[in-house]
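Next come the chains, spelled out residue by residue.
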Amino acid sequence: MWWTAIRPSFLAMAFLAAATPQARADILLYSDKTAPQAWLTTLWQAVKLNGNGDLSLLFTNPQNGLVSVTFTAECQVITSPGFSLPTLTINIIIDEDVVPVTNGDDAFCSGGKAGVGGRLSTRAFTVAANLAAGQQVLRVDAAASISNGARLDDITVLIAR
């Protein structure tokens, strides 16, 4: 009977499906902020990470190992004559260490051609950091390449392991 031939294959597939590890992420921190923050200087400034205006957030890593940090925001850079590609750069910082790839020339967003008001886009960076177990401090700093203006809005931060 056809059922007898299929049953061993079906049972094997069911066993394999049950034995396959499931993908899972534990959320260690979530934060959001809907008010815009402007940059009118080329100096590094801390990003306000929640509605209270906090410049840093605490989270607890339950065990040694990798965590992922995702920073998402609407970003706009205002262009001006003489600058063909102005940028806003961010550094994701955990316990005073800048997490690669955000530790170099890594534009989070850029403006358009000179004389244009700047494009608004939603951008995201996800980075991984190998952290010890315990309490950690997250901060995000940003700097514009020109002082004509840049802004971040509708920010979310998600840390998972």
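Per chain, residues are indexed from 1 in the order of the written sequence. Given that the model is predicted, a residue must reach a pLDDT of at least 70 before its local features are reported, and side-chain atom pairs must reach 80 or more before they are shown or counted; all residues, however, enter totals for whole chains, interfaces and linings. Note: side-chain values were computed over all heavy atoms of the structure, leaving out hydrogens and water.

Colleague: Describe the pairing of strand β11 (residues 150–160), naming the residues involved and giving the relevant values.
Modeller: Strands qualify as paired when DSSP identifies two bridges or more between them. Numbering of helices and strands starts at the N terminus; helices are DSSP runs of H or I of at least 4 residues and strands are runs of E of at least 2. Both strand β1 (residues 27–33) and β11 contribute to a ladder of 6 bridges, which runs antiparallel. Bridging across to β11, L29 finds its partner in I159. Note: strand β5 (residues 65–77) against β11, 9 bridges, orientation antiparallel. The residue of β11 that forms the bridge with Q76 is R151.

Colleague: A description of the environment of A129 should follow, citing residues and the corresponding values.
Modeller: Along the chain, the position of A129 falls in strand β9 (residues 120–131). Buried residues are those whose accessible area, probed at 1.4 Å on protein chains only, stays under 20% of the maximum for their type, while exposed residues exceed 50% and partly exposed ones sit between those limits. Classification of A129 by relative accessible area gives buried; the value is 11%. When the C-alpha atoms of A129 and R161 are compared, they prove to be 10.0 Å apart, with 32 residues separating the residues in sequence. Throughout, a contact is declared for two residues whenever any of their heavy atoms are within 4.5 Å. Beyond its immediate sequence surroundings of up to four residues, A129 is in contact with G65, L66, V67, I94 and V99.

Colleague: Any details on the state of the cysteines? Residues and values, ideally.
Modeller: Cysteine sulfur atoms that pair up within 2.5 Å are treated as a disulfide. All told, the structure shown has 1 disulfide when counted by the stated rule. Residue pairing for C75: its cysteine sulfur links by disulfide to C109, the two sulfurs lying 1.8 Å apart. Every disulfide takes its handedness from the sign of the S-S torsion; for C75 and C109 that torsion is -45 degrees, giving left-handed. Taken together, the residues C75 in strand β5 and C109 in strand β8 (residues 107–110) connect sequence positions 34 residues apart.

Colleague: Go over unusual backbone geometry with me, naming the residues and quoting the values.
Modeller: Working note: non-glycine residues mostly have negative phi, and peptide bonds are mostly trans. Although it is not a glycine, D95 adopts a positive phi angle of roughly 50 degrees. Here D95 lies in the loop between β6 (87–94) and β7 (97–98). Its relative accessible area of 35% is what places D95 among the partly exposed residues. In this model, D154 sits at a positive phi of 50 degrees, which is unusual for a non-glycine residue. Mapped onto the elements, D154 comes out in strand β11.

Colleague: Would you mind going over the nonpolar core in detail, with residue names and values included?
Modeller: In this description, a nonpolar core means a group of buried Ala, Val, Leu, Ile, Met, Phe, Trp, Tyr and Cys residues linked to one another through side-chain atoms lying within 4.5 Å. V47, F71, L88, I92, L138, L152 and I159 are the most contacted members of the largest nonpolar core, which totals 33 residues. Counting only elements with at least two residues in this core, the list comes to β1, β4 (56–61), β5, β6, β8, β9, β10 (134–144) and β11. At 6 residues, the largest contribution of residues to this core is made by β5.

Colleague: Explain the pairing of β5 to me, using residue names and the numbers behind them.
Modeller: Most of β5 sits out of view: 10 of its 13 residues are buried. Where β5 meets β9, 12 bridges bridge the pair, whose relative direction is antiparallel. If you follow G65 over to β9, its bridge partner there is L131.

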